[in-house]
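# Fold and contact review
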Amino acid sequence: MSTTPEGGKIAVSRPRTSMLTRLSESRNGLGLLFMLPAAAFLLCFLTYPLGLGVWLGFTDTSIGRPGVFIGLENYVWLWNDNVFWLSVFNTLLYTFVATVLKFVLGLWLALVLNQHLRFKNFFRAIILLPWVVPTVLSALAFWWIFDSQFSIISFVLMDWGLIERPINFLGDPNLARASVIAANVWRGIPFVAICLLAGLQTIPQSLHEAAALDGAKSWQRFRYVTLPLLTPIIAVVMTFSVLFTFTDFQLIYVLTRGGPVNATHLMATLSFQRAIPGGQLGEGAAIAVAMIPFLLGAILFSFFGLQRRKWQQGGAD
C-alpha cells in the first residue's frame, strides 16, 4: 500500500504465484513433491493389493465367482484346520532356525572377511553369488542335490561306506524340513555377511587398539567393542532376514511344493495352494492376512530396538 498527497491509498498489486511455485520454494513442499511418485507407486502396487486381500478374506470368492461377504467364516474355518496350524508351525520353525543359522554363519564370515587377507576383495565378490543367483535356479540345484536317486550327498556317503542306500531327503518329513532350511541358509548367508561386513567397516580401529592396550583379549574386544557398535546394523539386517524368510515361497514351491504330507508347507505356499490351484481365493487371502501380525511384530521389534539405542545420537542408552 502507498498514500497520495491527498491522503488517499493506492493498492499495489503483488505478483501472483501458483501453488506449484510456492511448493517448490518450500523445503517441506519440495520434499513432498519428490515423494509423490513413490507414494503413488506404493498406493497402486502395495496398498490396493493389501486392501483387496483383506477384503477377499471376508468373502467366499472363488475363481470365476465374485462371492459374497461372509464375515469371519474363513478365519473360523482356518482356526479348526489342522493343515493351517501345521503350516504356522512350519513357518515359525523354518524362520527361527534359518534366521539364527544365517546370523551366526554370516557374522562369522563377516569377521573373517574383515581381516587382512590376501584376495579378500575377490572372496567378498564370490560370496555374493548365492544371493544374486535367481531363487528358482538355486532351488533346482538343491533339488538335484537332495534327489532320492542321484543325490551327490548320498553318492559320497555310500562311496565312503557310511550308508548302504540313498537317503530320501525330500521324502521324509523331518529330512525335508532340514533340507529346505539348509537351502535357505545357503542362499541367505551372503546378504547377512555383506551387511554386517559393511557395519564392521564403520567401527573405528582406534577403539580396538585402545582396548588392546588396556589388556582386552580378542573375545573381550568383540564382546565390549564390536558387538555393541554393531547392534543397530544387526537389528536392521535381522529384521529383513526374518521378513524374507517368513514370506519365502519360491524355494519351498520348487523343492517340495509343501510335501511330503504338508511337512514343509509354509503359510505363503499354503495360501497359494488354496487360492490358485484350489480356486478358493477367499480362504487363500485369509491365510495371507494371518501372516500380517507376525510380520508387524518383527518390524515393531526392530523399530523399538533401534529407537532404544539413544547413544547413537550422543546420549545414554
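Predicted, not measured: the structure shown is a model, and the values here were computed from it.

## Considering the overall build of the chain
Broken down by element type, the chain carries 15 helices and two strands. Here the contacts in the chain between residues at least 6 apart in sequence split such that 64% fall between residues at least 24 apart.

## Details of the packing of helix α4 (residues 82-113) against helix α9 (residues 173-201)
At their nearest, the axes of α4 and α9 sit 6 Å apart, and the two run at 40 degrees to each other. On the basis of the axis angle, α4 is oblique to α9. As α4 runs across α9, the sense of the crossing is right-handed. Its residues assigned to classes, the contact of α4 with α9 shows 22 nonpolar, four polar and two charged.

## Things to note about the packing of helix α13 (residues 267-275) against helix α14 (residues 281-290)
Where α13 contacts α14, the axes come no closer than 7 Å and their chain directions differ by 165 degrees. Between α13 and α14, the crossing angle belongs to the class labelled roughly antiparallel. Where α13 crosses over α14, the handedness of that crossing is left-handed. Together, Met 267, Leu 270, Ser 271, Arg 274 and Ala 275 of α13 and Leu 281, Glu 283, Gly 284, Ile 287, Ala 288 and Ala 290 of α14 make up the contact between the two elements. Residues that form the contact of α13 with α14 fall into these classes: seven nonpolar, two polar and two charged.

## Topic: the pattern of salt bridges
Pairs may arise between side chains of opposite charge once their charged atoms sit close together. Within this structure, the stated rule accounts for three salt bridges. In this structure, Arg 65 engages Asp 60 in a salt bridge whose closest nitrogen and oxygen atoms are separated by 3.7 Å. Between Arg 274 and Glu 283 there is a salt bridge, with its nearest N and O atoms 2.4 Å apart. Take Arg 274 and Glu 283: they sit in the same class, and that class is buried.

## Regarding the packing of aromatic side chains
All chains considered together, the criterion is met by 20 aromatic pairs. Seen in terms of ring centroids, Phe 41 and Phe 45 are 4.9 Å apart; in terms of plane orientation they differ by 40 degrees. Their pairing is tilted. One end of the pair is Phe 41 and the other is Phe 45, both in helix α2 (residues 27-56) and four residues apart, which spans about a single turn. For Phe 41, a relative accessible area of 52% gives the class exposed. Aromatic pair Phe 58 and Tyr 75: ring centres 5.7 Å apart, planes at 50 degrees, arrangement tilted. Taken together, the residues Phe 58 in the loop between α2 and α3 (73-79) and Tyr 75 in helix α3 connect sequence positions 17 residues apart.

## Here we look at the confidence of the model for the chain
In the predicted model, the chain carries a mean pLDDT of 85, and 87% of its residues have values of at least 70. Confidence drops under a pLDDT of 50 for residues 311-315, and excluding neighbours within four residues, the segment shows eight contacts in the predicted structure.

## Describing the nonpolar core
Grouped together as the largest cluster of nonpolar side chains are 33 residues, with contacts concentrated most on Tyr 94, Leu 109, Leu 196, Leu 230, Leu 251 and Leu 255. Residue assignment for this core shows that the elements contributing at least two residues are α4, α7 (135-145), α9, α11 (218-246) and α12 (250-255). Sort the elements by how many residues they give to this core and α9 lands first, with eleven residues. Non-local contacts of Leu 196, meaning those with residues more than four positions away in its chain, are made with Phe 103, Gly 106, Leu 107, Ala 110, Leu 230, Ile 233, Ile 234 and Val 237.

## A few points about the side chain of Ser 138
Turning to its location among the elements, Ser 138 is positioned in helix α7. For Ser 138, a relative accessible area of 4% gives the class buried. Excluding anything up to four places from it in sequence, Ser 138 contacts Pro 130, Val 133, Trp 186 and Arg 187.

## What about α11?
Between its terminal C-alpha atoms α11 stretches only 35 Å, short of the 42 Å expected from 29 residues at 1.5 Å a residue. Maximum bend of α11: about 50 degrees, positioned at Thr 231, with proline Pro 232 one to four residues after it.

## A word on a nonpolar patch on the surface
On the surface, Phe 119, Phe 122, Phe 123, Ile 126, Leu 128, Leu 129, Trp 131, Val 132, Val 236, Phe 240 and Phe 244 cluster together to form a nonpolar patch covering roughly 1,000 Å² of accessible area. Looking at the nonpolar patch, the elements that each hand over two or more residues are α5 (120-126), α6 (129-132) and α11. Residue position: Leu 128 is located in the loop between α5 and α6. Judged by relative accessible area, which is 31%, Leu 128 ranks as partly exposed.

## Overview of unusual backbone geometry
Across the junction of Gly 259 and Pro 260, the peptide omega takes the value -5 degrees, indicating a cis bond. Relative to the helices and strands, Pro 260 is located in the loop between α12 and α13. A positive phi is found at Val 261, a non-glycine position, where the angle reads about 55 degrees. Turning to its location among the elements, Val 261 is positioned in the loop between α12 and α13. Given a relative accessible area of 73%, Val 261 falls into the exposed group. The backbone phi angle of Asn 262 is positive, close to 65 degrees, even though this residue is not glycine. Positionally, Asn 262 belongs in the loop between α12 and α13.

Calculation criteria
- Throughout, residues of each chain are indexed from 1 in the direction in which the sequence is written.
- Side-chain atom pairs in this predicted model are given and counted only at pLDDT of 80 or more, local residue features only at pLDDT of at least 70, and totals for whole chains, interfaces and linings cover all residues.
- Only heavy atoms go into the side-chain values, all of them from the structure, while hydrogens and water stay out.
- Helix and strand assignments follow DSSP, with helices taken as H or I runs no shorter than four residues and strands as E runs no shorter than two, numbered in order from the N terminus.
- Residues are treated as being in contact if the distance between any of their heavy atoms lies within 4.5 Å.
- Between N-to-C directions, angles cover 0 to 180 degrees, with each direction set by a line fitted to C-alpha atoms, over the stretch in contact for helices.
- Angle categories: roughly parallel below 35 degrees, roughly antiparallel above 145, roughly perpendicular from 65 to 115, and oblique for all the rest.
- Working rule for handedness: look at the near helix, and if it is turned counterclockwise from the far one by less than a right angle, call the crossing left-handed; if clockwise, right-handed.
- Under the scheme applied, nonpolar residues are Ala, Val, Leu, Ile, Met, Phe, Trp, Tyr, Cys and Pro; charged residues are Asp, Glu, Lys and Arg; polar residues are all the others, including Gly.
- Salt bridges are defined as contacts in which a side-chain nitrogen from Lys or Arg sits within 4 Å of a carboxyl oxygen from Asp or Glu.
- Throughout, exposure labels follow a simple rule: accessible area from a 1.4 Å probe, protein chains only, divided by the maximum for the residue type, with under 20% read as buried, over 50% as exposed, and the rest as partly exposed.
- When the centres of two rings from Phe, Tyr and Trp lie within 6.5 Å, Trp using its six-membered ring, the rings pair. Their planes under 30 degrees apart give stacked, over 60 give edge-to-face, and anything left gives tilted.
- For every residue, the pLDDT score states the predictor's confidence, bounded by 0 at the bottom and 100 at the top.
- Among buried residues, the Ala, Val, Leu, Ile, Met, Phe, Trp, Tyr and Cys ones that are joined through side-chain atoms within 4.5 Å form a nonpolar core.
- In a helix, the anticipated span is given by 1.5 Å times the number of residues less one.
- By definition, a residue's bend is the angle between the axes fitted to the seven residues ending there and the seven starting there.
- Only residues whose relative accessible area exceeds 30% and that form no salt bridge enter a patch; like-charged residues are grouped when within 9 Å of one another, and nonpolar side chains (Val, Leu, Ile, Met, Phe, Trp, Tyr) when within 5 Å.
- All accessibility values rest on the Shrake-Rupley procedure with a 1.4 Å probe; residue burial counts only the protein chains present in the view.

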